[in-house]
Amino acid sequence: MTTYGLLVFDGAEELDFVGPWEVFTASSMLRDHADTAVLIAERPDPVRCNKGMRVLPDHTLDDHPPLDVLLVPGGMGTRREVSNPAVIGWIRKTSAHTEWTTSVCTGSLLLHEAGPARGRRVATHHGFEDALEARGEVTVVRDARYVVDGDLVTSQGVSAGIDMALWLVGRLHGRDHARAVRRYIQYEPAPPYLADEPLPA
């Protein structure tokens, strides 16, 4: 059994955690509901996310089950939470006991502040790479959707969290299982408006 804990906070980017949530819960369904995914917030109140979605956490920082995987999303709220000692302390303490610590987008900022990303190779949103690198004690990888460094897996912005989560369920439960999850959620990226874009400089 794998227990996934997804941190949420006001201003969290919705797809940063909802995309991985879909992967983790689809994975559990295909494993006869063997796994658990929970949303964790500082308080039990509804959380208003970056684009206005409101979600209700399952647990607070003080009352959640032991976690195998911790996921920290990004979003505008990270700019505030990076100075929140309750959240940063919880990430530091919790990540010391998880099998995997992960982030999506600017969630890497919180992992850097809490410690798990320091001295490691990480990915983050393309618009935040310079700012994260300027914090020091980190190597920002700019050309990978997700980066694995030991027990730390970080991903670029928003949709990249789906790629990271699929890799992780493959690592936990096998490549064939991850392929089955990908097929179930019909994740076959073919975005419109891509073929006619100029190549980046």
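Residues numbered from 1 in each chain as written. Predicted model: local features only at pLDDT ≥ 70, side-chain atom pairs only at ≥ 80, totals over all residues. Heavy atoms only, no water.

## Some thoughts on the side chain of glutamine 156
- Along the chain, the position of glutamine 156 falls in the loop between strand S11 (152–155) and helix H6 (160–173).
- Within the local environment of glutamine 156, its side chain forms a polar contact with the backbone oxygen of arginine 142, the two atoms lying 3.5 Å apart.
- Polar side-chain contacts of glutamine 156 include one of 3.1 Å to the backbone oxygen of alanine 144.
- Beyond its immediate sequence surroundings of up to four residues, glutamine 156 is in contact with Val104, Cys105, Ala123, Thr124, His125, Glu129, Arg142, Asp143, Ala144 and Arg145. (Helix = DSSP H or I, 4+ residues; strand = E, 2+ residues; numbered from the N terminus. Polar contact = N/O pair within 3.5 Å; in protein donor to acceptor, adjacent residues only side chain to side chain. Contact = heavy atoms within 4.5 Å.)

## Some details on the nonpolar core
- Counting 53 residues, the largest nonpolar core has Leu6, Leu7, Phe17, Val23, Phe24, Trp90 and Ile91 as its most contacted members.
- Considering each element in turn, this core owes the most residues, 6 residues, to H6.
- Setting aside residues no more than four positions away along its own chain, tryptophan 90 makes contact with Leu7, Ile40, Leu61, His64, Leu67 and Leu70. (Core = buried A, V, L, I, M, F, W, Y, C linked by side-chain atoms within 4.5 Å. Buried < 20%, exposed > 50% of the residue type's maximum accessible area, 1.4 Å probe, protein only.)

## Description of the sheet that holds strand S6 (residues 69–72)
- Ordered by their spatial adjacency, 7 strands build an open sheet running S5-S2-S1-S6-S7-S11-S10, and the pairing between neighbours is mixed. Two strands bound the open sheet, and with one partner strand each, they are strand S5 (59–60) and strand S10 (146–149).
- Note that S6 and strand S7 (residues 100–104) share 4 bridges and pair parallel. Among the inter-strand pairings, valine 69 is bridged to a residue of S7, identified as tryptophan 100.
- In the packing of helix H3 (residues 85–95) onto the sheet, the strands contacted are strand S1 (3–7), strand S2 (36–41), S6 and S7, and the crossing angle to S6 comes to about 150°. (Pairing = 2+ DSSP bridges. Axes fitted to C-alpha atoms, helices over the stretch in contact; angles between N-to-C directions.)

## Focus on the pairing of S7
- Burial of S7 is extensive: 5 of the 5 residues sit out of reach of the surface.
- Residues Trp100, Thr102 and Val104 line one face of S7 and the alternating positions Thr101 and Ser103 line the opposite face, and both faces are buried.

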